[in-house]
Amino acid sequence: MNRIMTVAVAGAALAMGVATEAVAQAKPDVLVKQRQAAMTLIGKYWGPIAGMASGKVPYNAEAVSRNATYLENLSQMPWDGFHESTRGEKSRALPEAYSQKAKFDEIADRMQAEIAKLGAAARAKSEAGVKAQFGAVGKTCGGCHDSFRAK
Amino acid sequence: MAPVAPAAPAPVGKPAPAAQAVGAPLTDPAARRGEYIASAAGCLGCHTEAKDKAVAYAGGRALKTPFGTFYGPNITPHPAAGIGKWSEVDFARALREGLRPDGAHYFPAFPYPSFARISEADLRDLWAYLRALPPSARQNQAHDLGFAFNLRFLVRFWKWLYFTPGRFTPDPKRNATVNRGDYLVNVLGHCGECHTPRNFLGGPKRARHLAGTPKGKSDGGVSNLTPTNLKKWDDAELTGFLQSGMTADGDVTGERMGEVVSNTTSRLSAQDLASMIAYLRALPPIADAP
């Protein structure tokens, strides 16, 4: 029985290994498209939150909660798209996004952490919490765009 | 000279940053008008530390430039740490001539080449507003500049090359809206301080007025504000961007412009934003820098 389990686990591990490693890395141009797609969707779900948090649109706690949760997932997606292989691809990413990897990663981590706080406040239906956190998220977006994206 | 009529400040939906929540509401109408002028001129950005709960206008903001780092001074009416001992004449001289009360030259990191042309009425109102601020004892910090650029007396030479005092004069060939926009963009807004490229001495390249800077070695460049680039945006998109710092797609602008949006453009009346846009659209188109 134990042996069967061992074989089964090893087989499953092997299968997973195949799933993640044996498949070739996506092509650089596709990686760029994918990270841009994640960014585009971040914009899509961020826009309404920004409108509501700044009082331009009536506040809708349900919509904010849904969007912030989407953002929490989306905020994790762009980063592996900045793979070394994409360095020469045409995009607005500045060379520093690759040459200052530590700083880049630090901002990306901070952005995810700030969005996670936004998500928590949004799901707790705390309008004040969302409004307080909204600026911190915007700052991490803007800070990164200043340092790592061409105009 | 007849001042360009200041438009009535319109409340914008954006909540004021923590730094702005100071003192009692302004009762003096001149100070209230001055508050709007201070927003239009973006004084807060350089004269307030970049941290949570910083005291508004108490100075400390680092402005990094190729010549070194400048620190915005305290402009609250504190007698020792701020400008409490100044007279209105001192204030006018600072803005109009780029001179300290003791006669020394200000480095042009303080955008007096733009502010010099402010209208009399706006200058008086701005002074009234600064006088009404709660005094802060926050001490100023010395600038940290590279050699030669730290020699204040050399600024005299720079001014001889690049600084022309004088008042803003509306161009009679243009309508009042475009003239108002010119005043907001070039005098109060000092947009060209970043959106006009500079030469190696830090002087503006006037032939490329507001044409932006190319992607640099360590930054992403600055947008071209002439119709070459702006024609890609309609008025509603531009207005929305200036009010929110974001495109309709939810794309967030960089932090530097984001700050300008929150301190300045989001606080301007719809009419003033429309004037700025009308002025920019009337500029001669200049091709993007290569």
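These notes cover the structure that comes with them. (Residues numbered from 1 in each chain as written. Chains lettered and ligands numbered in written order. Predicted model: local features only at pLDDT ≥ 70, side-chain atom pairs only at ≥ 80, totals over all residues. Heavy atoms only, no water.)

**A word on the packing of aromatic side chains**
The relation between two aromatic rings is expressed through the spacing of the ring centres and the mutual angle of the planes. Across all of its chains, the model carries 18 aromatic pairs over all chains by this definition. When the centroid spacing of 5.8 Å and the interplanar angle of 75° are considered together, the rings of Trp79(A) and Phe104(A) count as edge-to-face. Within this pair, whereas Trp79(A) is found in the loop between helix H3 (61–74) and helix H4 (96–99), its partner Phe104(A) is found in helix H5 (residues 101–123), the two being separated by 25 residues in sequence. As far as the burial class goes, Trp79(A) and Phe104(A) line up, both buried. Through successive ring pairs, a cluster of aromatic residues spans Tyr106(B), Phe110(B), Tyr112(B), Phe115(B) and Phe163(B). A cation sits over an aromatic face here: Arg35(A) above Phe82(A), 4.1 Å from the ring centre. (Phe/Tyr/Trp six-rings, centres within 6.5 Å; stacked < 30°, edge-to-face > 60°. Helix = DSSP H or I, 4+ residues; strand = E, 2+ residues; numbered from the N terminus. Buried < 20%, exposed > 50% of the residue type's maximum accessible area, 1.4 Å probe, protein only. Lys NZ or Arg CZ within 6 Å of the ring centre and 35° of its normal.)

**Overview of the nonpolar core**
Residue and element names in this part refer to chain B. Core analysis: the biggest nonpolar cluster contains 57 residues, and Tyr57, Phe91, Ile118, Leu126, Leu188, Leu210 and Leu280 have the highest contact counts within it. Secondary-structure elements contributing two or more residues to this core are helix H1 (29–41), helix H2 (43–47), helix H3 (88–97), helix H4 (112–115), helix H5 (120–131), helix H7 (176–188), helix H10 (235–244) and helix H12 (270–281). Broken down by element, this core gets its largest block of residues, seven residues, from H1. Split by domain, the residues of this core number at least three in each of domain 1 (28–167) and domain 2 (170–290). Contact partners of Leu188, with chain neighbours within four places excluded, come to Ile37, Ala40, Ala41, Phe115, Ile118, Asp122 and Tyr183. (Core = buried A, V, L, I, M, F, W, Y, C linked by side-chain atoms within 4.5 Å. Domains from an automatic or database assignment. Contact = heavy atoms within 4.5 Å.)

**A word on H7(B)**
Residues and elements named next belong to chain B. With respect to burial, H7 is a largely interior element, 11 of its 13 residues being buried. Regarding H7, the residues found buried are Val178, Asn179, Arg180, Gly181, Asp182, Tyr183, Leu184, Val185, Asn186, Val187 and Leu188. For H7, the secondary structure elements touched by its buried residues are H1, H4, H5 and H12. Regarding H7, its N-cap is Asn175, as a side-chain oxygen of that residue lies 3.1 Å from the backbone nitrogen of Thr177 further along. Once H7 ends, the next one or two residues include His190, with phi positive near 40°. (Polar contact = N/O pair within 3.5 Å; in protein donor to acceptor, adjacent residues only side chain to side chain.)

**Thoughts on the side chain of Asn74(B)**
Residues and elements named next belong to chain B. Take Asn74: it is sitting in the loop between strand S2 (68–71) and H3. Classification of Asn74 as buried rests on a relative accessible area of 1%. In terms of polar contacts, Asn74 uses its side chain to reach the side chain of Thr76, at 2.7 Å. Here the side chain of Asn74 touches Arg138 through a polar contact of 3.0 Å, landing on its backbone oxygen. Each residue touching Asn74, except ones within four places of it in the same chain, is listed here: Tyr57, Ala58, Gly59, Ala81, Gly82, Ile83, Ser136, Ala137, Arg138 and Asn140.

**Section: H12(B)**
The α-helix advances 3.6 residues per turn, and as a result positions three or four apart in sequence lie on the same side. All names here are of chain B. For H12, built from 12 residues, the straight-helix expectation of 16 Å at 1.5 Å per residue is met to within 8% by its first-to-last C-alpha distance of 16 Å. Burial in H12 covers these residues: Asp272, Leu273, Ser275, Met276, Ile277, Tyr279 and Leu280. Residues of H12 that are buried in the fold lie against H1, H7, helix H9 (227–230) and H10. (Expected span 1.5 Å × (residues − 1).)

**Details of the pattern of salt bridges**
All names here are of chain B. Within this structure, the stated rule accounts for 23 salt bridges over all chains. Across the salt bridge formed by Glu49 and Arg138, the nearest N and O atoms sit 3.1 Å from each other. With Glu49 in the loop between H2 and strand S1 (62–65) and Arg138 in the loop between H5 and strand S3 (144–145), the pair connects residues that are 89 residues apart, well separated along the chain. Glu49 gets classed as partly exposed once you look at its relative accessible area, which sits at 23%. As a salt-bridge pair, Arg198 and Glu193 come within 2.8 Å of each other at their nearest N and O atoms. Overlapping salt bridges, with partners in common, bring together Asp171, Lys173, Arg174 and Asp182 in one network. (Salt bridge = Lys/Arg side-chain N within 4 Å of Asp/Glu carboxyl O.)

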